[in-house]
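Here are the chains, one letter per residue:
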Amino acid sequence: MPTDRNCCPSRDSPMQETMIDHLPDWIILIVSATWCLVHGTLCLTLRPTREAAIFGAHAASFLLFSLTAAIWTALTSSQFITMIGAVSLHGAYSLSFLELWSLSQGSYSFSILDMIDRCKTPKRIDVVREMAVIGQQKKDGRINALAGNGLIAIVGPDVTLTLKGKLAVAAIRSMYRLAHVRDPG
Amino acid sequence: MMYLILPLASLAVTVFLHFLSGFLMNAAVMRFAGCVAIVGAALVAICYQYFGFTPGSISVIISFFALAELYLFAFTLCMASVSVNILIRIADGQAHLPTLDLKYNSDQMVKLRILRLEEAGLIRSDGNTLALEDKSLRVLSGSRTLRKLFGHT
């Protein structure tokens, strides 16, 4: 049965779509889900604690799976959209995993809630004082990281945006307008 | 081709609805979740109606949700990232490290976070002291479970 790889027959089509017709498509989707499941289990078992390690594990897995999916699509009658879907599934999994990992590692808000829970009705000023220490560490680290990534240039006490930094700020401001964010930060 | 256009078009509709909803309320993440739920439900109905239960239609739906997650990640990063905040302040003319230190005060950052937690109904304040609301206990318990799960000390 000839199939157009980018055309999608409707259910009213005389061609009866069966599981067999779409076997390569189902396989890549199932492999994608299984791949994510195995990868997630490995990550939670090995528990890498460094940011670079966990990011690297996900980036490597994503690239390897994308390559596998592309080769599968080239070699079988699998549709292009199924490859996109399978890769998207891995992308969504990795993004969710990394967001939760990062959130649980160093979220400011969780730290504040944690402190209030530990101290039981602490004074506002004490919470601000203790958390401000974390804030200062975050800020110092970030300024150095921004300079290291070429977004800002520090000359003595002066800080300037590089071209890359200006482009980043333009993109961020566009995002604020698009998402209608009124009080960022 | 239709398969490829559908997730992108759905994301465009979601982003537009999200923009429009900004005129009605402030909570950007909640607004986005609502828009994704509405457009996602419509997309599922359209895919099932026109393509049936096929790998193609499932892939369209997965692609849409992955794109929506990527957009959510991008704008929450812009909203809450410390680095983004510093970049914006430098662009606004606070291009002097001492000025940046003064204006970009970590006390202010903490106060803003506390204010946001109060707005979200997670903590309450009598002006002087802070206390957890009931729902923040669930959030806290979830965060501790995650820390344990990921092995953060």
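Residues numbered from 1 in each chain as written. Chains lettered and ligands numbered in written order. Predicted model: local features only at pLDDT ≥ 70, side-chain atom pairs only at ≥ 80, totals over all residues. Heavy atoms only, no water.

**Focus: the overall build of chain A**
Condition: Counting from the N terminus, the helices are the DSSP runs of H or I reaching at least four residues and the strands are the DSSP runs of E reaching at least two. In this scheme, a residue with accessible area under 20% of its type's maximum is buried, one over 50% is exposed, and one in between is partly exposed, where area comes from a 1.4 Å probe on protein chains only. Contact criterion: two residues are considered in contact whenever any of their non-hydrogen atoms come within 4.5 Å of each other. Using a 1.4 Å probe, accessible areas were evaluated by the Shrake-Rupley method; residue-level cover was limited to the displayed protein chains.
For chain A, the helix and strand inventory stands at six helices and two strands. Ordering the α and β elements of chain A from the N terminus gives α-α-α-α-α-β-β-α. Within the span of chain A, comprising 185 residues, buried residues form 37% of the whole. The contacts of chain A with a sequence gap of at least 6 include a subset with a gap of at least 24, amounting to 55%. Only carbon and sulfur atoms are counted for the fraction: they give 67% of the accessible area of chain A, which is about 10200 Å².

**With respect to the interface of chain B and chain A**
Put simply, the rule is: Put simply, buried area is how much 1.4 Å-probe accessible surface two parts lose in total, over both of them, once they are put together. Salt bridges are defined as contacts in which a side-chain nitrogen from Lys or Arg sits within 4 Å of a carboxyl oxygen from Asp or Glu. Contacts described as polar in this section are N or O atom pairs within 3.5 Å, which, within protein, must combine one atom able to donate a hydrogen with one able to accept it, while residues neighboring in sequence count only if both atoms come from side chains.
On the side of chain A, 75 residues touch chain B, which itself brings 85 residues to the contact. Of the roughly 7400 Å² buried at the junction of chain B and chain A (both faces included), carbon and sulfur atoms supply 67%. Across the contact surface, chain B and chain A share four salt bridges. Linking chain B to chain A there are 19 residue pairs in polar contact (both at pLDDT 80 or more).

**Looking at the packing of aromatic side chains**
What counts here: The pairing test for Phe, Tyr and Trp rings, Trp by its six-membered ring, is centres within 6.5 Å, and the orientation test on the planes gives stacked under 30 degrees, edge-to-face over 60, and tilted for anything in between.
Under the definition given, this model contains ten aromatic pairs over all chains. On the numbers, 5.5 Å between centres and 80° between planes, the contact of F32 of chain B with F75 of chain B is edge-to-face. Of this pair, F32 of chain B sits in helix α2 (residues 28-51) while F75 of chain B sits in helix α3 (residues 55-80), and the two are 43 residues apart along the sequence. Pairwise contacts between aromatic rings join Y93 and F97 of chain A together with F150 of chain B into one cluster.

**Description of the packing of helix α6 (residues 163-179) of chain A against helix α4 (residues 82-91) of chain B**
Using the following cut-off: Here, axes are lines fitted to C-alpha atoms. For helices the fit covers the stretch in contact, and angles between N-to-C directions go from 0 to 180 degrees. In this scheme, roughly parallel covers angles under 35 degrees and roughly antiparallel covers those over 145, while 65 to 115 is roughly perpendicular and the rest are oblique. Note on residue categories: nonpolar means Ala, Val, Leu, Ile, Met, Phe, Trp, Tyr, Cys or Pro, charged means Asp, Glu, Lys or Arg, and polar means any other residue, Gly included.
Direction vectors running N to C along α6 of chain A and α4 of chain B enclose 105°, while the axes themselves pass 10 Å from each other. Considered as vectors, α6 of chain A and α4 of chain B are oriented roughly perpendicular to each other. Where α6 of chain A abuts α4 of chain B, its residues A168, V169, I172, R173 and Y176 of chain A lie against V84, L87, I88 and A91 of chain B. Of the residues assigned to the contact of α6 of chain A with α4 of chain B, the class counts are eight nonpolar, no polar and one charged.

**With respect to the pairing of strand β2 (residues 158-161) of chain A**
The following threshold applies: Here the rule is simple: two strands pair whenever DSSP picks up at least two bridges between them.
With burial as the criterion, only one face of β2 of chain A is covered, namely that bearing V159 and L161 of chain A; the residues D158 and T160 of chain A on the opposite face remain uncovered. Here strand β1 (residues 152-155) of chain A hands over to β2 of chain A after two residues, with G156 of chain A in that stretch at a positive phi of 65°.

**Section: the pattern of salt bridges**
Residue and element names in this part refer to chain A. Going through the model one piece at a time under the given rule, you end up with nine salt bridges over all chains. As a salt-bridge pair, D117 and K120 come within 3.4 Å of each other at their nearest N and O atoms. On the accessibility criterion, D117 (15% relative accessible area) is buried. For E130, the salt bridge is made with R118, and the minimal N-O distance between the two is 3.9 Å. Of the two residues, E130 sits in helix α5 (residues 124-148) while R118 sits in helix α4 (residues 108-119), which places them twelve residues apart along the sequence. Residue E130 is classed as partly exposed on the basis of its relative accessible area of 39%.

**Notes on the confidence of the model for chain A**
Spelled out, the test is: pLDDT: the predictor's confidence for each residue, scored from 0 to 100.
Per-chain confidence: chain A averages 84 in pLDDT, with 84% of residues scoring 70 or above. Here residues 1-12 of chain A is modelled with pLDDT under 50, and outside its nearest four sequence neighbours on either side it reaches 24 contacts, counting other chains as well.

**Considerations on helix α6 (residues 106-119) of chain B**
Two residues of an α-helix separated by three or four positions point the same way, owing to the 3.6 residues in each turn. Stated formally: What a helix is expected to span follows from its residue count: subtract one and scale by 1.5 Å.
Between its terminal C-alpha atoms α6 of chain B stretches 20 Å, which fits the 20 Å expected from 14 residues at 1.5 Å a residue. Looking one or two residues past α6 of chain B, G121 of chain B carries a phi angle of roughly 75°, positive in sign.

**Some remarks on a nonpolar patch on the surface**
In plain terms, the rule: Here, patches come from residues exposed beyond 30% relative accessible area and free of salt bridges, joined within 9 Å for like charges and within 5 Å for nonpolar side chains (Val, Leu, Ile, Met, Phe, Trp, Tyr).
Together, F16, L20, F23, L24, M25 and M30 of chain B make up an exposed nonpolar region whose accessible area comes to about 700 Å². Exposure remark for L20 of chain B: the relative accessible area of 37% places this residue in the partly exposed category.

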